[in-house]
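Tertiary structure, described
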Amino acid sequence: MFSQARAAALRAYIKPLAQAKYEVDTHWHFVERMLESLGKDYGGIELVPDYQRGHVWTEEQQQHFIENVMRGAVASSGLVIQLNCPNFDSLTTTSPKCDLPNGVQCVDGLQRLTAVRRFMAGEVSVFGMTKDEFRGSEYDPTRMTFRLKFAIFSFERKVELLDHYLALNAGGTPHPKSEIERVKAMRDELALAA
């Protein structure tokens, strides 16, 4: 059994991340309305704050993401959009130690959020079809089938927000195109042999 001192030392070593103050599932059809409401209620919304890398997914990557969501290949963790709102608890005021502006900032999930927003706006087609061409089918994105989860944090100090951002985004290794092509060739070879 861990002593209190040993447990505290382990916690200091692991540095668990803060938990969201609020989480809500929002159907794709209501994402714009929710973002508008958050911005209105909390003093604005900034989807590309200075620490974000900006919009980097190509239209092809956006299509691929939406198609994989529709196929059921994206785990629920891949549908989480993390936001920060330092004045979340009080609507308009923050504590004196706060060095972040009031309002909502996107911390993680900008690429996924942008893909969904562009698809729902009719700017991105998937499977060669626009959003409206799915109407009435089981894949109709205006039904309650597809959703994003918004997790809202209330960091008040930018250094804590940046620590959180770095913990989420540092250390991963994206697949190089050559690796994806290698696996596609393996798949194609097996498909031809079948």
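Up top you'll find the structure we're talking about.
For the structure given in this document, a descriptive report is provided here. None of the values given here were measured: they were computed from a predicted structure.

This brings us to the sheet that holds strand S5 (residues 147-153). With mixed pairing, five strands are arranged side by side in an open sheet as S1-S5-S3-S4-S2. The sheet is open, and its two edges are formed by strand S1 (22-27) and strand S2 (45-46), each paired on a single side. Two strands pair when backbone bridges link them, and S2 and strand S4 (residues 104-108) are joined in this way by two bridges, in the parallel orientation. Counterpart to Glu46 in the pairing with S4 is Gln105. Along the sheet face, helix H5 (residues 158-169) touches strand S3 (80-84), S4 and S5 and points at about 30° away from the line of S4.

In this section: helix H2 (residues 31-42). Note: α-helices contain 3.6 residues per turn, so residues at a spacing of three or four share the same orientation. Helix length check: H2, at 12 residues, gives a terminal C-alpha distance of 16 Å against a target of 16 Å (1.5 Å per residue), a fit within 8%. Those residues of H2 that sit buried are Val31, Met34, Leu35, Leu38, Gly39 and Tyr42. Around the axis of H2, the buried residues are gathered within 130° of arc, so they sit on the same side. Those residues of H2 that are exposed and aimed more than 90 degrees away from the buried face are Arg33, Glu36 and Lys40.

Formed by 31 residues in total, the largest nonpolar core has its most connected members in Trp28, Ile66, Leu83, Leu113, Leu148 and Phe150. Broken down by secondary-structure element, the contributors of at least two residues to this core are H2, helix H3 (59-71), S3, S4, helix H4 (110-120) and S5. For this core, the element with the most residues is H4, which contributes six residues. Non-local contacts of Leu113, meaning those with residues more than four positions away in its chain, are made with Val31, Leu35, Leu47, Ile81, Leu148 and Phe150. Listed in part, the 10 residues of the second largest apolar core include Val80, Cys98, Ala151 and Leu161.

Here the focus is H4. The element H4 is largely enclosed, with a buried count of nine among its 11 residues. Every buried residue of H4 is listed here: Leu110, Gln111, Arg112, Leu113, Thr114, Ala115, Val116, Phe119 and Met120. Buried-residue contacts for H4 involve H2, H3, S3, S4 and S5. With its phi angle positive at about 80°, Gly122 sits one or two positions after the end of H4.

Among the five residues of S4, five are classified as buried, and the element is accordingly described as predominantly covered. Inspection of the sheet shows S3 paired to S4 by three bridges, in the antiparallel sense. Bridging across to S4, Asn84 finds its partner in Gln105.

Glancing now at the packing of H3 against H4. Taken N-terminus to C-terminus, the directions of H3 and H4 make an angle of 85°; their axes are 9 Å apart at the nearest point. Looking at the two axes, H3 sits roughly perpendicular to H4. Contact residues: Glu59, Gln62, Phe65 and Ile66 in H3; Arg112, Thr114, Ala115, Val116, Arg118 and Phe119 in H4. Classifying every residue of the contact of H3 with H4 gives five nonpolar, two polar and three charged.

Cut-offs applied
- Residues numbered from 1 in each chain as written.
- Predicted model: local features only at pLDDT ≥ 70, side-chain atom pairs only at ≥ 80, totals over all residues.
- Heavy atoms only, no water.
- Pairing = 2+ DSSP bridges.
- Helix = DSSP H or I, 4+ residues; strand = E, 2+ residues; numbered from the N terminus.
- Contact = heavy atoms within 4.5 Å.
- Axes fitted to C-alpha atoms, helices over the stretch in contact; angles between N-to-C directions.
- Expected span 1.5 Å × (residues − 1).
- Buried < 20%, exposed > 50% of the residue type's maximum accessible area, 1.4 Å probe, protein only.
- Arc of directions from axis to C-beta.
- Core = buried A, V, L, I, M, F, W, Y, C linked by side-chain atoms within 4.5 Å.
- Parallel < 35°, antiparallel > 145°, perpendicular 65-115°, else oblique.
- Nonpolar A, V, L, I, M, F, W, Y, C, P; charged D, E, K, R; others polar.

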